[in-house]
Amino acid sequence: DERDQLDAVFEEATEILNASDLSPSVVRVGLRRITSFRNIAVFVDEFDQISDPVTLTLFSNTIKLLSDRIEPATLIAVGVGDSVEQLILGHQSIQRALVQVRMPRMTDEEIGKIVTKGLDKLEMSTDEEVLQFIKLVARGLPQYAHLLAQEGVRVALISGRSTIEMSDVLDGLENGLARVDHSLSEAYEKATYTARPSHYKELLAACSIARVDDNGFFSPADLKRPFGQLIDKQDVRVEDYNRRLEKLSESRGQILTRTGGARQRRYRFTDSLMEPYVLLKGLNCGLIDTKVLFGVGAKSKTDKKA
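A quick note: this is a predicted structure, and the numbers were derived from the prediction, not measured.

> Tell me about the packing of aromatic side chains, and name the residues and values.
In the structure shown here, the tally under the stated rule is three aromatic pairs. Taking the centre distance of 6.4 Å and the plane angle of 25° together, the rings of F218 and Y267 count as stacked. Residue F218 is located in the loop between helix 11 (200-209) and helix 12 (224-230), and its partner Y267 is located in strand 8 (residues 266-269); the two are separated by 49 residues in the primary sequence. Since its relative accessible area comes to 0%, Y267 is described here as buried. Ring plane angle 70° and centroid distance 5.2 Å describe the contact between F227 and Y241, whose orientation is recorded as edge-to-face. Of this pair, F227 sits in helix 12 while Y241 is found in the loop between helix 12 and helix 13 (242-248), placing the two residues 14 residues apart along the sequence. The aromatic ring of Y200 is capped on one face by R252, whose charged end is 4.0 Å from the ring centroid.

> Account for the pattern of salt bridges, naming residues and giving values.
Summed over all chains, the structure comprises 17 salt bridges. Among the ionic pairs, R265 bridges to E246, the shortest N-O distance being 3.5 Å. Of this pair, R265 sits in the loop between strand 7 (256-259) and strand 8 while E246 sits in helix 13, placing them 19 residues apart in sequence. Salt bridges linked by common partners bring R243, E246, E250, R258 and R265 together as one network.

> Which residues make up unusual backbone geometry, and what values do they have?
Its identity as a non-glycine residue notwithstanding, E123 has a phi of 60°, on the positive side. With respect to the helices and strands, E123 occurs in the loop between helix 5 (108-121) and strand 5 (125-126). For R139, which is not glycine, the phi dihedral falls at a positive 55°. Relative to the helices and strands, R139 resides in the loop between helix 6 (128-138) and helix 7 (142-158). In this structure R139 comes out as buried when scored by relative accessible area, which is 0%.

> Describe the environment of P142, with residues and values.
Tracing the backbone shows P142 in helix 7. When the C-alpha positions of P142 and E110 are compared, they lie 8.8 Å apart, and in sequence the two are 32 residues distant.

> For a nonpolar patch on the surface, give the residues involved together with the corresponding values.
Among the surface-exposed residues, V99, V101 and M103 lie close enough to one another that they form a single nonpolar patch of about 290 Å² accessible area. Examined against the element boundaries, V99 turns out to sit in the loop between helix 4 (84-88) and strand 4 (102-103). Taking the relative accessible area as the measure of exposure, V99 reaches 70% and is therefore exposed.

> Help me get a handle on the pairing of strand 1 (residues 40-44), residues and values and all.
Taken together, the five bridges between strand 1 and strand 2 (residues 73-77) define a ladder with parallel strand orientation. Across the sheet, the residue bridging to F43 is I76, located in strand 2. Note on the crossover from strand 1 through helix 3 (residues 53-68) to strand 2: the handedness is right-handed.

> Account for the packing of helix 10 (residues 182-192) against helix 14 (residues 274-284), naming residues and giving values.
The geometry of helix 10 relative to helix 14 is characterised by a closest axis approach of 11 Å and an angle of 70° between their N-to-C directions. As the angle between them shows, helix 10 and helix 14 are arranged roughly perpendicular. Judged by the twist between their axes, the crossing of helix 10 over helix 14 is right-handed. Within the contact between the two elements, helix 10 uses L184, S185, A187, Y188 and E189 and helix 14 uses M274, Y277, V278 and K281. Grouping the constituent residues of the contact of helix 10 with helix 14 by class yields six nonpolar, one polar and two charged.

> An account of the environment of E165 is requested, with residue identities and associated values reported.
Relative to the assigned elements, E165 resides in the loop between strand 6 (163-164) and helix 8 (166-171). Here the alpha-carbon distance between E165 and V153, two residues twelve residues apart in the chain, equals 9.1 Å.

> Talk me through helix 7; I want residue IDs and the actual numbers.
Given a rise of 1.5 Å per residue, 17 residues ought to cover 24 Å, and the 24 Å separating the end C-alpha atoms of helix 7 matches this to within 8%. Within helix 7, the full set of buried residues consists of Y144, A145, L147, L148, A149, E151, G152, V153, V155 and A156. Downstream of helix 7 by a residue or two, G160 has a phi angle that is positive, lying close to 75°.

> Go over the nonpolar core, please, and point to the residues and values.
Nonpolar side chains tend to gather and get buried jointly when the protein is soluble and globular. Ranked by internal contacts, the top residues of the largest apolar core, which has 59 residues, are Y144, L204, L223, L256 and L293. With residues near it in sequence (within four places) discarded, L204 still touches Y188, A191, T192, L248, I255, L256, F269 and V278. Counting residues in each nonpolar core, the second largest holds eight residues, with A13, V27, L31 and I40 among its members.

What counts, and at which threshold
Residues numbered from 1 in each chain as written. Predicted model: local features only at pLDDT ≥ 70, side-chain atom pairs only at ≥ 80, totals over all residues. Heavy atoms only, no water. Phe/Tyr/Trp six-rings, centres within 6.5 Å; stacked < 30°, edge-to-face > 60°. Helix = DSSP H or I, 4+ residues; strand = E, 2+ residues; numbered from the N terminus. Buried < 20%, exposed > 50% of the residue type's maximum accessible area, 1.4 Å probe, protein only. Lys NZ or Arg CZ within 6 Å of the ring centre and 35° of its normal. Salt bridge = Lys/Arg side-chain N within 4 Å of Asp/Glu carboxyl O. Patch = residues over 30% accessible without salt bridge, like charges linked within 9 Å, V, L, I, M, F, W, Y side chains within 5 Å. Areas by Shrake-Rupley, 256 points an atom, 1.4 Å probe, with all protein chains shown as cover. Pairing = 2+ DSSP bridges. Right-handed = clockwise from strand over helix to strand, strands pointing away. Axes fitted to C-alpha atoms, helices over the stretch in contact; angles between N-to-C directions. Parallel < 35°, antiparallel > 145°, perpendicular 65-115°, else oblique. Left-handed = near helix turned anticlockwise from the far one by under 90°. Contact = heavy atoms within 4.5 Å. Nonpolar A, V, L, I, M, F, W, Y, C, P; charged D, E, K, R; others polar. Expected span 1.5 Å × (residues − 1). Core = buried A, V, L, I, M, F, W, Y, C linked by side-chain atoms within 4.5 Å.

Here's what the structure looks like:
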(Lines give C-alpha, C1' and ligand atoms only; values in the text may rest on other atoms or scores of the structure.)
Protein backbone atom coordinates (compact mmCIF):
# COMPACT_ATOMS: atom_id res chain seq x y z
CA ASP A 1 0.00 0.00 0.00
CA GLU A 2 0.98 3.70 0.07
CA ARG A 3 2.60 3.40 3.50
CA ASP A 4 4.81 0.52 2.35
CA GLN A 5 5.79 2.49 -0.74
CA LEU A 6 6.74 5.50 1.40
CA ASP A 7 8.81 3.32 3.75
CA ALA A 8 10.65 1.83 0.76
CA VAL A 9 11.35 5.30 -0.68
CA PHE A 10 12.79 6.55 2.64
CA GLU A 11 14.90 3.41 2.99
CA GLU A 12 16.43 4.00 -0.45
CA ALA A 13 17.00 7.69 0.32
CA THR A 14 18.66 6.80 3.63
CA GLU A 15 21.09 4.46 1.88
CA ILE A 16 22.01 7.24 -0.55
CA LEU A 17 22.47 9.85 2.18
CA ASN A 18 24.63 7.49 4.27
CA ALA A 19 27.33 7.70 1.60
CA SER A 20 30.84 8.31 2.93
CA ASP A 21 31.44 11.00 0.31
CA LEU A 22 28.32 13.03 1.12
CA SER A 23 28.08 16.18 -0.98
CA PRO A 24 25.37 18.60 -2.19
CA SER A 25 24.95 16.44 -5.32
CA VAL A 26 24.45 13.29 -3.23
CA VAL A 27 21.93 15.11 -1.02
CA ARG A 28 20.05 16.18 -4.15
CA VAL A 29 19.89 12.59 -5.39
CA GLY A 30 18.63 11.37 -2.01
CA LEU A 31 15.96 14.05 -1.81
CA ARG A 32 14.96 13.43 -5.42
CA ARG A 33 14.19 9.82 -4.55
CA ILE A 34 11.72 11.09 -1.95
CA THR A 35 10.28 13.87 -4.10
CA SER A 36 9.53 11.36 -6.85
CA PHE A 37 6.86 10.12 -4.48
CA ARG A 38 5.95 13.27 -2.53
CA ASN A 39 7.09 16.87 -2.25
CA ILE A 40 9.19 17.35 0.86
CA ALA A 41 10.08 20.05 3.39
CA VAL A 42 13.20 19.57 5.54
CA PHE A 43 13.53 21.60 8.75
CA VAL A 44 17.01 22.33 10.11
CA ASP A 45 16.48 23.62 13.64
CA GLU A 46 19.06 25.67 15.59
CA PHE A 47 20.78 26.55 12.31
CA ASP A 48 22.51 29.45 14.05
CA GLN A 49 24.46 26.94 16.17
CA ILE A 50 26.42 25.73 13.12
CA SER A 51 29.82 27.38 13.53
CA ASP A 52 31.93 25.23 11.21
CA PRO A 53 32.52 27.26 7.99
CA VAL A 54 32.91 24.08 5.91
CA THR A 55 29.48 22.84 7.01
CA LEU A 56 27.91 26.23 6.28
CA THR A 57 29.47 26.28 2.83
CA LEU A 58 28.18 22.77 2.04
CA PHE A 59 24.71 23.72 3.25
CA SER A 60 24.75 26.91 1.17
CA ASN A 61 25.89 24.98 -1.91
CA THR A 62 23.09 22.47 -1.35
CA ILE A 63 20.51 25.26 -1.23
CA LYS A 64 21.93 26.78 -4.42
CA LEU A 65 21.95 23.43 -6.23
CA LEU A 66 18.36 22.62 -5.30
CA SER A 67 17.29 26.10 -6.38
CA ASP A 68 19.14 26.01 -9.69
CA ARG A 69 17.65 22.62 -10.60
CA ILE A 70 14.20 23.61 -9.26
CA GLU A 71 13.79 20.48 -7.17
CA PRO A 72 10.41 20.07 -5.37
CA ALA A 73 12.16 20.16 -1.98
CA THR A 74 12.08 23.01 0.52
CA LEU A 75 14.82 23.48 3.11
CA ILE A 76 13.78 25.51 6.15
CA ALA A 77 16.65 26.81 8.28
CA VAL A 78 15.45 27.90 11.71
CA GLY A 79 17.72 29.98 13.92
CA VAL A 80 18.14 33.04 16.08
CA GLY A 81 19.44 36.08 14.23
CA ASP A 82 18.65 39.58 13.11
CA SER A 83 18.58 38.70 9.42
CA VAL A 84 19.13 35.93 6.90
CA GLU A 85 22.57 37.43 6.25
CA GLN A 86 23.52 36.81 9.88
CA LEU A 87 22.35 33.19 9.74
CA ILE A 88 24.24 32.30 6.57
CA LEU A 89 27.37 34.17 7.70
CA GLY A 90 28.50 35.75 4.49
CA HIS A 91 27.14 33.26 1.96
CA GLN A 92 25.24 36.03 0.17
CA SER A 93 25.21 34.15 -3.14
CA ILE A 94 22.26 32.04 -1.98
CA GLN A 95 20.08 34.93 -0.79
CA ARG A 96 18.04 34.89 -3.99
CA ALA A 97 17.08 31.28 -3.19
CA LEU A 98 15.84 32.17 0.30
CA VAL A 99 12.67 33.70 1.67
CA GLN A 100 12.99 35.34 5.08
CA VAL A 101 10.15 34.70 7.53
CA ARG A 102 10.17 36.93 10.60
CA MET A 103 9.33 35.13 13.84
CA PRO A 104 8.90 37.66 16.67
CA ARG A 105 9.33 36.61 20.25
CA MET A 106 6.23 35.28 21.93
CA THR A 107 4.01 37.63 23.90
CA ASP A 108 3.60 37.31 27.65
CA GLU A 109 0.14 35.87 27.04
CA GLU A 110 1.54 33.19 24.73
CA ILE A 111 4.30 32.32 27.20
CA GLY A 112 1.69 32.01 29.93
CA LYS A 113 -0.39 29.62 27.81
CA ILE A 114 2.62 27.33 27.37
CA VAL A 115 2.77 26.95 31.14
CA THR A 116 -0.96 26.72 31.92
CA LYS A 117 -1.73 24.23 29.11
CA GLY A 118 1.07 21.95 30.28
CA LEU A 119 -0.06 22.15 33.89
CA ASP A 120 -3.67 21.43 32.91
CA LYS A 121 -2.62 18.18 31.24
CA LEU A 122 -0.79 17.20 34.41
CA GLU A 123 -3.74 18.27 36.56
CA MET A 124 -1.46 20.73 38.33
CA SER A 125 -1.70 24.47 38.90
CA THR A 126 0.21 27.57 39.94
CA ASP A 127 -0.49 31.16 40.92
CA GLU A 128 -0.21 34.46 39.05
CA GLU A 129 3.11 35.38 40.71
CA VAL A 130 4.82 32.26 39.33
CA LEU A 131 3.33 32.83 35.88
CA GLN A 132 4.54 36.44 35.88
CA PHE A 133 7.99 35.31 37.00
CA ILE A 134 8.27 32.80 34.14
CA LYS A 135 7.07 35.41 31.65
CA LEU A 136 9.73 37.89 32.80
CA VAL A 137 12.58 35.39 32.79
CA ALA A 138 11.69 33.68 29.50
CA ARG A 139 11.94 37.02 27.65
CA GLY A 140 9.58 35.73 24.96
CA LEU A 141 11.60 32.55 24.25
CA PRO A 142 9.48 29.36 24.58
CA GLN A 143 12.40 27.07 25.41
CA TYR A 144 13.01 28.96 28.66
CA ALA A 145 9.31 28.87 29.55
CA HIS A 146 9.41 25.08 29.12
CA LEU A 147 12.62 24.84 31.14
CA LEU A 148 11.34 26.84 34.12
CA ALA A 149 7.94 25.15 34.16
CA GLN A 150 9.41 21.65 33.90
CA GLU A 151 11.84 22.23 36.74
CA GLY A 152 9.12 23.76 38.90
CA VAL A 153 6.88 20.75 38.25
CA ARG A 154 9.71 18.33 39.07
CA VAL A 155 10.43 19.97 42.43
CA ALA A 156 6.72 20.15 43.33
CA LEU A 157 6.13 16.49 42.48
CA ILE A 158 9.11 15.40 44.56
CA SER A 159 7.49 17.29 47.45
CA GLY A 160 4.17 15.52 46.78
CA ARG A 161 2.28 18.67 45.71
CA SER A 162 0.16 19.45 42.65
CA THR A 163 0.56 23.23 43.03
CA ILE A 164 3.72 24.91 41.73
CA GLU A 165 5.09 27.52 44.13
CA MET A 166 7.69 30.19 43.51
CA SER A 167 10.18 28.30 45.67
CA ASP A 168 9.79 25.25 43.38
CA VAL A 169 10.83 27.21 40.30
CA LEU A 170 13.71 28.86 42.14
CA ASP A 171 14.89 25.53 43.60
CA GLY A 172 14.89 24.03 40.12
CA LEU A 173 17.06 26.76 38.61
CA GLU A 174 20.40 25.04 39.17
CA ASN A 175 19.25 21.84 37.49
CA GLY A 176 17.69 23.89 34.70
CA LEU A 177 20.92 25.79 34.06
CA ALA A 178 22.77 22.49 33.67
CA ARG A 179 20.44 21.66 30.76
CA VAL A 180 21.18 24.88 28.86
CA ASP A 181 23.57 24.82 25.89
CA HIS A 182 27.17 24.59 27.16
CA SER A 183 28.26 27.30 24.71
CA LEU A 184 26.20 29.83 26.69
CA SER A 185 27.98 29.02 29.96
CA GLU A 186 31.38 29.26 28.25
CA ALA A 187 30.55 32.65 26.74
CA TYR A 188 29.26 33.87 30.11
CA GLU A 189 32.44 32.83 31.91
CA LYS A 190 34.63 34.46 29.25
CA ALA A 191 32.68 37.70 29.59
CA THR A 192 32.64 37.89 33.39
CA TYR A 193 35.83 36.21 34.68
CA THR A 194 38.44 38.45 36.31
CA ALA A 195 41.13 37.79 38.90
CA ARG A 196 40.02 40.86 40.87
CA PRO A 197 36.58 42.26 41.73
CA SER A 198 35.23 44.06 38.68
CA HIS A 199 31.41 43.96 38.77
CA TYR A 200 31.23 42.40 35.29
CA LYS A 201 28.68 39.88 36.54
CA GLU A 202 26.58 42.62 38.09
CA LEU A 203 26.81 44.75 34.95
CA LEU A 204 25.80 41.87 32.68
CA ALA A 205 22.96 40.99 35.06
CA ALA A 206 21.78 44.61 34.84
CA CYS A 207 21.78 44.26 31.04
CA SER A 208 19.51 41.22 31.35
CA ILE A 209 16.82 43.11 33.27
CA ALA A 210 17.16 46.58 31.75
CA ARG A 211 14.23 48.10 29.88
CA VAL A 212 14.75 47.79 26.13
CA ASP A 213 13.29 49.10 22.88
CA ASP A 214 11.38 47.06 20.30
CA ASN A 215 14.64 45.72 18.86
CA GLY A 216 16.09 44.67 22.20
CA PHE A 217 18.52 47.59 22.53
CA PHE A 218 19.21 49.56 25.71
CA SER A 219 21.33 52.64 26.29
CA PRO A 220 24.10 52.89 28.92
CA ALA A 221 21.82 55.21 30.90
CA ASP A 222 19.17 52.46 31.07
CA LEU A 223 21.55 50.47 33.28
CA LYS A 224 21.93 53.08 36.01
CA ARG A 225 18.99 51.93 38.09
CA PRO A 226 19.38 48.12 37.81
CA PHE A 227 23.18 48.24 38.11
CA GLY A 228 22.93 50.53 41.14
CA GLN A 229 20.49 48.13 42.79
CA LEU A 230 22.72 45.13 42.13
CA ILE A 231 25.85 46.73 43.62
CA ASP A 232 23.83 48.48 46.34
CA LYS A 233 24.88 51.96 45.29
CA GLN A 234 22.41 54.79 44.68
CA ASP A 235 24.56 57.42 42.95
CA VAL A 236 25.78 55.32 40.02
CA ARG A 237 26.94 57.24 36.95
CA VAL A 238 27.34 55.97 33.40
CA GLU A 239 31.03 56.85 33.64
CA ASP A 240 31.37 54.28 36.42
CA TYR A 241 30.71 51.35 34.08
CA ASN A 242 30.82 52.66 30.51
CA ARG A 243 34.30 51.31 29.75
CA ARG A 244 33.40 47.86 31.05
CA LEU A 245 30.25 47.94 28.93
CA GLU A 246 32.39 48.62 25.86
CA LYS A 247 34.67 45.69 26.71
CA LEU A 248 31.65 43.37 26.83
CA SER A 249 31.11 44.23 23.17
CA GLU A 250 34.79 43.97 22.25
CA SER A 251 37.44 41.94 24.06
CA ARG A 252 35.20 39.86 26.33
CA GLY A 253 33.76 37.55 23.69
CA GLN A 254 31.50 40.22 22.19
CA ILE A 255 28.66 39.00 24.37
CA LEU A 256 26.98 42.34 23.62
CA THR A 257 26.44 44.02 20.25
CA ARG A 258 27.01 47.78 20.05
CA THR A 259 25.49 50.28 17.63
CA GLY A 260 25.41 54.07 17.21
CA GLY A 261 27.96 56.83 17.68
CA ALA A 262 29.73 57.82 20.89
CA ARG A 263 26.79 59.91 22.15
CA GLN A 264 24.04 57.64 20.80
CA ARG A 265 25.49 54.29 21.76
CA ARG A 266 23.12 51.39 22.34
CA TYR A 267 23.67 47.73 23.22
CA ARG A 268 21.90 44.39 23.22
CA PHE A 269 22.85 40.74 23.69
CA THR A 270 24.54 39.32 20.60
CA ASP A 271 22.85 35.95 21.16
CA SER A 272 19.28 36.50 22.35
CA LEU A 273 19.39 33.14 24.17
CA MET A 274 22.08 34.62 26.40
CA GLU A 275 19.72 37.24 27.83
CA PRO A 276 17.53 34.86 29.89
CA TYR A 277 20.56 32.70 30.64
CA VAL A 278 22.31 35.62 32.35
CA LEU A 279 19.12 36.38 34.22
CA LEU A 280 18.85 32.76 35.40
CA LYS A 281 22.50 32.78 36.52
CA GLY A 282 21.87 35.94 38.51
CA LEU A 283 18.80 34.48 40.18
CA ASN A 284 20.50 31.17 40.93
CA CYS A 285 23.52 32.73 42.66
CA GLY A 286 21.43 35.29 44.53
CA LEU A 287 22.81 38.23 42.58
CA ILE A 288 19.35 39.19 41.29
CA ASP A 289 16.52 39.30 43.77
CA THR A 290 12.99 38.56 42.54
CA LYS A 291 11.91 41.98 43.85
CA VAL A 292 14.47 43.63 41.59
CA LEU A 293 13.27 41.52 38.67
CA PHE A 294 9.61 42.43 39.15
CA GLY A 295 10.49 46.07 39.64
CA VAL A 296 12.84 46.56 36.69
CA GLY A 297 12.42 43.78 34.14
CA ALA A 298 10.88 44.25 30.72
CA LYS A 299 10.65 41.82 27.81
CA SER A 300 12.71 42.51 24.71
CA LYS A 301 11.57 41.85 21.16
CA THR A 302 14.63 40.64 19.27
CA ASP A 303 13.48 38.40 16.43
CA LYS A 304 13.94 34.77 15.56
CA LYS A 305 14.33 34.12 11.88
CA ALA A 306 13.38 31.09 9.85
